[in-house]
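# Descriptive analysis of the structure
Given next are the chains, with one letter for each unit.
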Amino acid sequence: MRTALTAALTAAALLVPVPTAGSAPPAVPAASAPTVSVPPASVPPDARAIPRLTDRQGRELTLRGWNVEDKTHRGEAALSAVTERHFRDLRAHGFGFARLLVFWDDLEPEPGRYSAGYLRKIDRVLDWAARYDVRVLIDAHQDVFGPAFGHRGVPAWATRTDGLPFTPHPDDWFAEYFEPAVQRAFTHLYEDADLRRAQAEVWRVLARHVAGHPAVFGYDLINEPMGEPHEGEDLPAAARRIEREQLTPMYNRLADAIRSADRDAWLFVEPTPVVGEGVPTGLGRVDDPKVVYAPHFYNTAMEAGADYDPGAGWIEAYERAVVEYPRRYGVPVVVGEWGPPDSSLPGMGRFYRDAMASLSRYTSGWAGYVWCYGGGYCAVDGSGAFRPHKELTAEPYAPSVAGTVRSASYDPEAGVYRLVYRAARNGPRVTELSLPPGRWRVTADAVVLRTAPGRAWIVAAPGRDVTVAVRRG
């Protein structure tokens with residue numbers, strides 16, 4: 001499930017500085033509660049300094065797809081809501097990427113006991129993905145830390161609260177992240193030596209099991225991590241400190257653990273969800289050659305049920321904040337979750353057009369939230385038809401380019417996708433196109449080979465400048 005900043009400003013108002021372990025939380029007047037300061041909108045950033053995602057052969061990649069999840073079932077029934085249909089339908093709509101949610105509490109229900117049954121269930125899902133040529137990002141998901149607070153993620157046995165209070169918020173579950181007990185649990189996860197070892201070992205076990213599977217593309221080390229503010233910190237300051245002093249060391253620890261089992265997959269690292277308010281991350285360098293910056297893209301007002309307001313400048317502020325980290329550290333960007341809970345509102349057509357244009361400027365791809373068959377956040381209804389406006393996510397694009405992309409853009413009004421690239425002088429020569437359902441005409445100043453519905457392949461001479469056009473109808 002998406003863990004967006006649901007009513008983030010309301011949550012910030014609930015944020016109470018929690019003292020260090022062993023002391024009681026002080027009372028803080030409501031007037032002193034921190035607020036989030038959103039930077040003013042700016043012109044779209046120049047993304048040329050942000051590297052592209054690549055595969056083993058050096059082709060430039062674009063990932064487009066959706067999250068796939070089963071948060072309802074656990075134990076013997078875990079992942080039973082994820083079926084082969086998910087991957088067949090993803091591919092049929094032109095998507096070749098899935099962010100698969102997995103849960104530590106299912107994988108290690110007791111300390112040191114890893115569930116062989118859960119690993120087999122993950123294998124089954126990965127086999128379906130491979131059958132339909134869908135790349136999978138395995139996401140270590142947590143919501144409000146885990147089962148100790150009525151959600152999923154970190155096992156109850158690894159949850160330490162020092163007796164601090166927790167009050168459920170059934171009408172606004174994201175507000176539970178700001179409960180003292182939940183914040184303290186994050187501090188212990190980051191700081192306690194035995195929990196550090198346990199978290200690293202569960203990743204080592206998982207990576208060792210799935211390494212080399214043809215569907216596995218990468219690992220998302222933890223979903224939307226949160227933490228514990230210090231007294232006097234506002235929300236942005238606390239987020240940047242947590243990212244700098246706790247998340248960065250954690251990501252380096254987990255990277256080392258995974259690399260002992262899998263040398264090839266990409267490692268996806270997330271900031272706190274505060275980035276959604278236009279706050280640049282405080283994350284430092286993760287010392288690995290295959291790191292992806294993986295923020296989420298949610299809007300406070302829209303999460304609370306409001307329609308899209310293009311005049312608010314949220315997309316521009318978010319874009320400006322998000323590009324700082326990948327520019328500084330030279331890593332690609334893939335947005336791991338995005339999409340409003342109610343796509344039927346009048347302004348959502350404009351939102352999806354603006355969002356798709358923004359994401360194409362600086363990312364190497366995205367995973368929408370969520371590929372399921374129903375209402376709310378679901379991409380499609382029970383019949384498999386897109387829910388209102390979500391069909392705008394299905395565009396022609398190039399999943400892999402055998403060369404250097406000069407430009408790539410789609411005009412939804414004209415129904416025209418254009419790709420300009422310089423073909424590589426060495427290595428693979430085949431560039432792949434993905435086409436959503438419908439009639440499309442592909443032209444290129446190179447050899448075009450159609451070999452499957454919804455897909456096309458282009459072969460260019462080494463070093464040649466290539467222009468591709470895909471037209472609807």
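Coordinates for the structure precede this section.
The sections below set out a description of the structure shown in this document. Since the structure is predicted, the reported quantities are computational estimates derived from the model, not experimental observations.

With that settled, consider the state of the cysteines. All told, the structure shown has one disulfide when counted by the stated rule. Covalent S-S linkage joins Cys372 and Cys378, the inter-sulfur distance amounting to 1.9 Å. A torsion of -105° about the S-S bond marks the disulfide between Cys372 and Cys378 as left-handed.

Right, let's get into the sheet that holds strand 1 (residues 60–61). Strand order in the open sheet made by the five strands is 1-11-14-17-16, with antiparallel pairing throughout. The sheet terminates laterally at strand 1 and strand 16 (447–452), the two strands that pair on one side only.

So, on to the side chain of Asp106. By the element assignment, Asp106 lies in helix 3 (residues 104–107). Residue classification places Asp106 among the buried positions, given a relative accessible area of 8%. Only 2.6 Å separates the side chain of Asp106 from the side chain of Arg152, close enough to count as a polar contact. With residues near it in sequence (within four places) discarded, Asp106 still touches His73, Arg74, Gly75, Ala78, Ser115, Tyr118 and Arg152.

Turning next to the environment of Ala414. Residue position: Ala414 is located in the loop between strand 12 (403–411) and strand 13 (416–423). Along the backbone, Ala414 and Arg471 are 57 residues apart, and their C-alpha atoms lie at a distance of 8.2 Å.

What follows is about the nonpolar core. Membership of the largest hydrophobic core comes to 105 residues, with the highest contact counts inside it found for Phe87, Tyr219, Trp338 and Phe351. Per-element tally for this core: the top contributor is helix 7 (residues 235–259), with ten residues. With sequence-adjacent residues up to four places away left out, Trp338 is seen in contact with Phe297, Tyr298, Phe351, Tyr352, Ala355, Met356, Leu359, Trp366, Ala367, Gly368, Tyr369 and Thr393. Formed by 18 residues, the second largest nonpolar core is a distinct cluster that contains Leu419, Ala423, Ala456 and Val466.

Calculation rules
- Residues numbered from 1 in each chain as written.
- Predicted model: local features only at pLDDT ≥ 70, side-chain atom pairs only at ≥ 80, totals over all residues.
- Heavy atoms only, no water.
- Disulfide = S-S within 2.5 Å.
- Pairing = 2+ DSSP bridges.
- Helix = DSSP H or I, 4+ residues; strand = E, 2+ residues; numbered from the N terminus.
- Buried < 20%, exposed > 50% of the residue type's maximum accessible area, 1.4 Å probe, protein only.
- Polar contact = N/O pair within 3.5 Å; in protein donor to acceptor, adjacent residues only side chain to side chain.
- Contact = heavy atoms within 4.5 Å.
- Core = buried A, V, L, I, M, F, W, Y, C linked by side-chain atoms within 4.5 Å.

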